[in-house]
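Spelled out from the first residue to the last, the chains are:
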Amino acid sequence: MINIKRFFKLFLLSSILLLTSGCFDYSELNNMDIIVGMGITQEDSEYEVTYEVINTSINKENTDAKKSYTVTGGGKTIASAIKSTTSKLNKKPYFEHMRIVLINSSLDILSLSDYFIRNNNISSNFYLVLTDDPKSLLEYTSQDKKINSEEVYNILNNINYPSFRNYFDFQVNDIISKKKDITIPYISLEDKLAFKSYGLYHQNKFITLLNTDNLNLYDYYLHNKNIILRNNNNSLNIYKTNYKIKITNEVNITLNIEASIDSLDTEIDLRKESSFKQLEIEFREVLTKEMTSYLKYLQSLNTDILGINNLNYLKTKNYSEDYFSQSNINLKINLKINRPGLTIRKVS
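So, how was this worked out
- Residues numbered from 1 in each chain as written.
- Predicted model: local features only at pLDDT ≥ 70, side-chain atom pairs only at ≥ 80, totals over all residues.
- Heavy atoms only, no water.
- Helix = DSSP H or I, 4+ residues; strand = E, 2+ residues; numbered from the N terminus.
- Contact = heavy atoms within 4.5 Å.
- Patch = residues over 30% accessible without salt bridge, like charges linked within 9 Å, V, L, I, M, F, W, Y side chains within 5 Å.
- Areas by Shrake-Rupley, 256 points an atom, 1.4 Å probe, with all protein chains shown as cover.
- Salt bridge = Lys/Arg side-chain N within 4 Å of Asp/Glu carboxyl O.
- Buried < 20%, exposed > 50% of the residue type's maximum accessible area, 1.4 Å probe, protein only.
- Arc of directions from axis to C-beta.
- Phe/Tyr/Trp six-rings, centres within 6.5 Å; stacked < 30°, edge-to-face > 60°.
- Lys NZ or Arg CZ within 6 Å of the ring centre and 35° of its normal.
- Pairing = 2+ DSSP bridges.
- Polar contact = N/O pair within 3.5 Å; in protein donor to acceptor, adjacent residues only side chain to side chain.
- Axes fitted to C-alpha atoms, helices over the stretch in contact; angles between N-to-C directions.
- Parallel < 35°, antiparallel > 145°, perpendicular 65-115°, else oblique.
- Left-handed = near helix turned anticlockwise from the far one by under 90°.

Trainee: Explain the overall build of the protein here, please?
Mentor: A tally of regular secondary structure across the protein gives ten helices and 13 strands. Across the protein, the fraction of contacts at a sequence separation of at least 24, relative to all contacts at a separation of at least 6, is 64%.

Trainee: Can you walk me through a nonpolar patch on the surface in this structure?
Mentor: A cluster of nonpolar side chains, contributed by Leu311, Tyr313, Leu314 and Tyr319, occupies part of the molecular surface with about 330 Å² of accessible area. In this fold, Tyr313 is placed in helix α9 (residues 308-316). The class of Tyr313 is partly exposed, set by a relative accessible area of 34%.

Trainee: Which parts of the structure should I look at to understand helix α6 (residues 168-177)?
Mentor: Owing to its 3.6 residues per turn, the α-helix aligns residues three or four sequence positions apart on the same side. Buried residues of α6: Phe168, Gln171, Val172, Asp174 and Ile175, and no others. With its buried residues spanning 155 degrees around the axis, α6 presents them on a single face. On its buried face, α6 is in contact with α3 (109-118), β6 (127-130) and β7 (183-189). Looking at the residues trailing α6, positive phi occurs at Lys178, about 60 degrees.

Trainee: Can you help me understand the side chain of Asn310 in this one?
Mentor: Structurally, the position occupied by Asn310 is in helix α9. Since its relative accessible area comes to 17%, Asn310 is described here as buried. Every residue in contact with Asn310, bar those within four places of it in the chain, is listed here: Lys178, Lys179 and Asp304.

Trainee: I'm lost on the packing of aromatic side chains in this one. Help?
Mentor: Geometry of an aromatic ring pair is reported as the spacing of the ring centres plus the angle between the planes. One pass over the structure, following the stated rule, counts 14 aromatic pairs. Note on Tyr313 and Tyr319: the rings are 6.4 Å apart at their centroids and 70 degrees apart in plane angle, and the pair reads as edge-to-face. Its relative accessible area of 30% is what places Tyr319 among the partly exposed residues. These aromatic residues form a ring-pair network of at least three members: Tyr127, Tyr153, Tyr161, Tyr167, Phe195, Tyr198 and Tyr218. Of note, Arg99 hangs over the ring of Tyr153, and the distance from its end group to the ring centre comes to 3.7 Å. Sitting over the ring of Tyr313, Lys317 keeps its end group 5.8 Å from the ring centre.

Trainee: I keep staring at the pairing of strand β12 (residues 251-263) and nothing clicks. Help me out?
Mentor: Sheet faces and side chains relate simply in a regular strand, where the side chains alternate between the two faces. Strand direction decides the pairing type here: strand β11 (residues 234-247) and β12, joined by twelve bridges, are antiparallel. When the bridges of β12 are listed, Ile245 appears paired with Ile253. Adjacent in sequence and paired antiparallel, β11 and β12 are bridged by three residues. Where β12 meets strand β13 (residues 329-337), nine bridges bridge the pair, whose relative direction is parallel. For Ile253, the partnering residue across the bridge sits in β13 and is Leu331.

Trainee: Whenever I open this one, the side chain of Lys66 confuses me. Can you help?
Mentor: Note on placement: Lys66 falls in the loop between β2 (46-54) and β3 (68-75). In this structure the side chain of Lys66 is engaged in a polar contact, spanning 2.9 Å, whose partner is the backbone oxygen of Tyr140. Those residues in contact with Lys66 that sit more than four places away from it in its chain are Asn55, Ile58, Leu138, Glu139, Tyr140, Thr141, Lys145 and Asn148.

Trainee: Looking at this structure, how should I read the packing of α3 against α6?
Mentor: Packed helix pairs are characterised by how far apart their axes lie and by the angle those axes make with each other. Direction vectors running N to C along α3 and α6 enclose 125 degrees, while the axes themselves pass 11 Å from each other. By the angle class used here, α3 and α6 are oblique. Classified by chirality, the crossing of α6 by α3 is left-handed. Residues Ile109, Leu110, Leu112, Ser113 and Phe116 of α3 form the contact with α6, whose participating residues are Phe168, Val172, Ile175 and Ile176.

The following block contains the structure:
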């Protein structure tokens, strides 16, 4: 009985502490400006920082009011630019809801990491997003007056980008450790906010944006996304991919692909096993040609988004920044087209 009483007292005390701490946090939050997104632009040695802040002053009757507003400051360093922006707030900034930091392609990502790693008030659990003009994007007013940072995050969700592996601190670790070169999603602002491409980097330097053709290859090669692959009047729905890389005297890449038929020439007889075999041969040739071209494109840019330089280091203990760009690549593609209504046949 004594133990039960002690347990009840402890439970009651814990509940009171939780409730009171919750009230304290809520009260504190009312006295803060909630930052939902940040934009950072670097031009030469000048930094411009913009906050998107939740507009807590709007009332329910004022449906025309924008749900957020922006403040902007500048400085010679990121720290001074952030200090300048913060000084223009009415309240103390609260960054716990910030999931997006918009940057331009000139920004030095490692200089950004130096500031955020030392700053205890800002969590590094956010995503970097490329755009031409971060300030203009955050200031944009859509027809339905959405919060722009939230809209950017929704766009990232639609392309299945959010993952702890894509958090800012993980990407910085990839840069510093040289495990692989990073890619950052690019959002454009034309008639509306929209995902357009990925920015390719080599270490800390922006290289270029993927064009449309290479973007499709990037998607199903690295992100296992469903895509439609066409060859003349025939097309496949590629729904599963995985790849393996082995370092010998050359780089051996094996790409395993499973697909279903999307559309076919009317002359192809699906009742024959030979028809599937022929389709696999034809599409394997198309894929091999496209993937070989894509890999050579990455080599020409010296951007190692597959982490091949690091794999070579783990094997040889000799790091070479140019290993991937100068290597011979042996590409093997295993393609299996699964017949409708039958058990899916796995690729080896």
